[in-house]
Amino acid sequence: MPQRESGEFGTNHRNSRNGSWDLLAGMRKFEQGYEQFDSRNASQSHLAFADGDVPKNKLSKLYNYLLNVSIVTRWIIFIIPVLGLLWIPGILGFTKFPDTRIYGVKLLLWSIWLSVVWLGWWSSLATFMILPKLLRNTVGVVILTVRKYSDWLEVLHRYAAFATWTIVIFVSYQPLINATQRTDNSTSQQSVDTMSKLLFALMLSACVLFGEKLAIQFIAAKFHERSYADRISEQKFAVRVLVTLYQHSTDIPWRSDTLRDGAAGSGGDKHKSVFNPQKVFKKALKGVRSAATTTTTVLGTVASEIAGTSVLQPNSPQAMVKTALESANKSRLLARRLFYSFVRPGADHIQVEDIERFFRSKEEADAAFAIFDKDMNGDVNRDEIEMACMELHREQLSIEHSMRDLDSAVGRLDNILMSLYFVIVILIFAVALEAQLATLITSAGTLILGLSWLIGGSLAEVLTSIIFLFIKHPYDVGDRISIADKTYTVKEMRLLSTIFLDSNACAVQAPNTWMNTQLIHNIRRSPQMSESFEFDVAYGTSFEQIERLRDVMVAFLKSERRDFQPVFDVYVVDIPGQEKMTLRADIKYKSNWQQGTLKAQRRNKWICALKASMEKVKIFGPGGDPNAPAGPQKYTLVPYEEVVKAEEEAKSHAPSRSASSAELRIPTNDWTFADPKSAIVDASQDVFGENDQVRVEWRKQNRVCR
């Protein structure tokens with residue numbers, strides 16, 4: 001993952017060679033003596049050998065010892081012997097054979113150019129290994145944007161070194177070899193000229209390769225900044241808050257349901273799982289492949305980035321919090337430890353004043369407290385802290401898995417571009433060797449046209465999937481989405497398809513090309529959500545009863561402000577056949593529906609409260625009071641035709657009623673069945689985030705009026 005500031009995001013590859021460049025560490029190794037060196041304790045993994053797999057004579061021990069002292073001694077062993085071999089022709093040409101030429105070029109010049117080739121690679125590699133750190137600690141201190149590009153250069157240092165090396169050997173070839181050739185042999189002239197063309201083609205190929213890797217780096221970096229930078233920044237702040245609170249928390253040995261220093265679970269039980277620092281490092285380093293093998297490591301080590309540090313010391317607050325957030329159970333234990341550490345005696349909630357002293361400013365303390373106080377009522381209980389820690393646990397896993405899958409997708413995209421790169425390399429070398437470009441393009445075009453029926457659909461699918469995954473990017477791993485009235489949870493994202501889990505925990509695979517044509521509802525990315533609930537009441541229900549129902553429900557919602565917004569607006573939907581009245585009210589939750597179980601619990605609570613409120617205000621369904629006693633059954637001994645005739649005569653002689661608005665009970669401005677300010681603040685149409693500002697201002701005005 002690209003890094004925005006020096007030291008802000010820790011990555012593996014950045015510190016992988018620090019020990020090798022430590023010359024003082026090498027001097028300390030010299031003090032031990034090479035005879036005591038054990039090859040099993042090598043400084044680099046590729047230099048370690050098991051006992052008995054390497055000879056134990058003094059020369060072998062000295063060789064392996066010098067390889068492990070430092071990168072300087074190791075490179076000297078690699079460079080000097082080969083350099084000596086390259087200068088054998090030069091020494092002979094300078095001393096005994098001064099007029100000897102190979103392809104019309106003196107032996108001394110061949111040795112000089114071959115030395116440039118050999119030393120040029122190691123010099124380029126060393127330069128681009130040191131340059132990113134040098135830029136970050138010098139220019140990057142003043143110009144912050146340089147840090148990002150220095151991180152890119154650190155990831156791509158081998159490709160940059162290779163491109164620079166090819167430029168050096170091509171440029172040096174012209175004055176040392178091509179310009180000094182003295183021969184009338186046409187074969188020698190053609191050989192030197194062909195070599196120059198091949199070096200030029202190699203230089204172009206290396207530059208194209210570096211450009212391809214840089215393009216992959218740019219795509220992944222921009223995608224990260226657009227999709228994950230905000231989420232990681234928020235997660236890092238939340239983790240920093242947890243670390244601060246954990247650092248000032250108190251161990252509670254008499255409680256078995258809190259996180260302990262060095263163990264989770266019951267206090268000091270030796271059978272419980274003890275903190276394992278190796279497990280911390282293993283999980284912190286898990287995520288993406290190293291930069292030496294692929295450029296898709298732009299996504300970086302997510303765990304270290306979220307923790308805000310590249311080194312986690314055993315049993316440090318950072319390590320304890322990081323380990324706790326890896327497990328759902330330990331996240332709950334961490335939440336309980338924080339709650340019982342800061343709650344006042346006899347209280348069942350924590351206020352911002354209880355933790356304000358641990359932060360640098362009042363604003364920072366308020367921001368930290370807002371992580372737990374989702375309902376913004378000024379206090380948090382144990383359940384709220386547990387829920388907040390569980391959300392951080394799920395968010396961390398979601399980011400890690402999303403970036404791991406996208407790392408794989410970027411790797412596949414890299415493979416596709418590399419396939420195209422090899423075709424370009426063939427064309428470059430063919431043109432450099434003066435092949436007929438028109439004939440070559442015609443032949444290649446004929447081949448591609450012949451294969452278009454075979455690969456055309458696949459290429460279109462790949463391109464559509466790339467646009468869908470990296471540009472549109474409608475979801476991440478762990479997101480709850482809705483497609484065609486069905487709800488799924490994203491399990492895995494691939495380049496050409498996505499794996500979902502449906503409501504029955506069944507794995508469903510959908511091609512990204514099909515997903516590109518669907519209307520996707522992303523629940524996790526949604527703000528506070530609501531749903532409509534319709535219910536029928538008796539046609540004779542009065543408007544006073546509906547208003548009383550609204551008052552009772554608003555009182556209930558205010559008492560349950562942790563789960564619901566205190567809004568209960570009633571809408572008269574229909575009066576079909578004047579037999580009943582259909583009403584609708586919105587269930588306005590305090591969060592989205594990412595957690596399906598929590599949403600179902602809140603929905604049940606709201607509906608049960610509506611049922612109890614309707615009973616309280618005597619609002620019944622079209623069938624009337626279900627608890628009313630059964631009335632007497634009526635029988636008639638008079639012929640039924642005479643009864644009907646009498647009823648019709650009674651209706652015809654009934655006095656007519658006036659149609660005034662008062663008698664018709666038409667609702668006026670007093671009968672709104674809703675919050676008078678709901679027309680100003682409508683959550684379903686708030687795309688600019690103004691609802692919270694308006695409601696806060698109203699609360700201030702109400703306090704002033706009181």
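Since the model is a prediction, treat every value here as computed from it, not as a measurement.

**Q** Quick one: what's the story with the nonpolar core, residue by residue and with numbers?
**A** Judged by nonpolar contacts, the single largest core of 32 residues is most densely connected at Leu242, Leu245, Val321, Ile350, Phe359, Phe372 and Ile385. Contributing elements (two or more residues each) for this core: helix H9 (229-247), helix H12 (317-325), helix H13 (328-342), helix H14 (362-370) and helix H15 (382-432). Counting residues per element, this core draws most heavily on H9, at 7 residues. Not counting residues within four places of it along the chain, the set of residues in contact with Leu242 comprises Val321, Leu325, Leu334, Leu338, Phe372, Cys389 and Leu392. Counting 27 residues, the second-largest nonpolar core is a separate cluster that includes Phe543, Phe556, Trp593 and Val617.

**Q** Tell me about the pairing of strand E8 (residues 486-493), residues and numbers included.
**A** Within a regular strand, side chains alternate between the sheet's two faces. By the bridge criterion, 4 bridges tie strand E7 (residues 480-483) to E8 in an arrangement that is antiparallel. What sits directly across from Ile481, in E8, is Tyr488. Linking E7 back to E8 in an antiparallel pair, the connection comprises 2 residues, with Ala484 at a positive phi of about 50°. Note: E8 against strand E9 (residues 497-501), 4 bridges, orientation antiparallel. Opposite Glu492, over in E9, you have Ile499 as the bridge partner.

**Q** Any details on a nonpolar patch on the surface? Residues and values, ideally.
**A** Taken together, the side chains of Val208, Leu420, Val423, Ile424 and Leu427 make up a nonpolar region of the molecular surface, amounting to roughly 360 Å² of accessible area. In terms of residue count, the dominant contributor to the nonpolar patch is H15 (4 residues).

**Q** Give me unusual backbone geometry: which residues, what numbers.
**A** Despite not being glycine, Ala484 has its phi angle at roughly 50°, a positive value. With respect to the secondary-structure elements, Ala484 resides in the loop between E7 and E8. On the basis of relative accessibility, which here comes to 59%, the residue Ala484 falls in the exposed class. Not every positive phi belongs to a glycine, and Asp485 is a case in point at roughly 65°. Note that Asp485 resides in the loop between E7 and E8. A relative accessible area of 79% places Asp485 in the exposed class.

**Q** Give a description of the sheet that holds strand E13 (residues 570-574) that names residues and reports values.
**A** Pairing in this open sheet of 3 strands is antiparallel, and the strands run E12-E14-E13 from one edge to the other. With partners counted over all chains shown, the strands left at the sheet margins are strand E12 (530-538) and E13, one partner each. Here the average twist between neighbouring strands, direction ignored, is 35°. Of the strand pairs in this sheet, E13 and strand E14 (residues 580-588) are connected by 4 bridges, and their pairing is antiparallel.

**Q** Break down the sheet that holds E8 for me, citing the residues and quoting the values.
**A** Spatial strand order, E10-E9-E8-E7-E11: 5 strands in an open sheet with antiparallel pairing. One side of each edge strand has no neighbouring strand; the edge strands of this open sheet are strand E10 (507-511) and strand E11 (520-522). Pairs of neighbouring strands in the sheet enclose a mean axial angle of 40°, with direction left out of account. By the bridge criterion, 3 bridges tie E7 to E11 in an arrangement that is antiparallel. Counterpart to Ser482 in the pairing with E11 is His521.

**Q** Hey, could you go over the pattern of salt bridges for me, with residue numbers and the actual values?
**A** Across all of its chains, the model carries 26 salt bridges by this definition. A salt bridge links Lys197 to Asp193; its shortest N-O distance comes to 3.4 Å. One end of the pair is Lys197 and the other is Asp193, both in helix H8 (residues 186-227) and 4 residues apart, which spans about a single turn. Among the salt bridges present, the one from Glu615 reaches Lys611, with a minimum N-O distance of 2.8 Å.

**Q** How would you sum up the side chain of Lys599? Please name residues and give values.
**A** Mapping Lys599 onto the fold places it in helix H19 (residues 596-616). Excluding residues that lie within four positions of it along the chain, Lys599 makes contacts with Glu531, Tyr589 and Trp593.

Reading the values: the criteria
- Note on numbering: residues in each chain are counted from 1, in written sequence order.
- Local features in a predicted model are, by the rule used here, given only for residues with pLDDT of at least 70; side-chain atom pairs are given and counted only at 80 or more, and totals for whole chains, interfaces and linings are based on all residues.
- In computing side-chain values, all of the structure's heavy atoms are included and hydrogens and water are not.
- Side-chain atoms within 4.5 Å are what join buried Ala, Val, Leu, Ile, Met, Phe, Trp, Tyr and Cys residues into a set we call a nonpolar core.
- The classification of residues rests on relative accessible area computed with a 1.4 Å probe and restricted to protein chains. Under 20% of the type maximum is buried, over 50% is exposed, and intermediate values are partly exposed.
- To qualify as a helix, a DSSP run of H or I must reach at least 4 residues; to qualify as a strand, a run of E must reach at least 2; elements of each kind are numbered from the N terminus.
- Residues are treated as being in contact if the distance between any of their heavy atoms lies within 4.5 Å.
- If DSSP finds at least two bridges between two strands, the strands pair.
- For patch building, the residue pool is restricted to those with more than 30% relative accessible area and no salt bridge; the joining distance is 9 Å between like charges and 5 Å between nonpolar side chains (Val, Leu, Ile, Met, Phe, Trp, Tyr).
- In these tables, accessible area is a Shrake-Rupley quantity obtained with a 1.4 Å probe, and a residue counts as shielded only by the protein chains included in the view.
- Salt bridges are counted wherever a side-chain nitrogen of Lys or Arg sits within 4 Å of a carboxyl oxygen of Asp or Glu.
- Axis definition: a line fitted to C-alpha atoms, limited for helices to the stretch in contact. Angles are taken between N-to-C directions and run from 0 to 180 degrees.

These results come straight from atomic positions and should not be treated as a statement about function.
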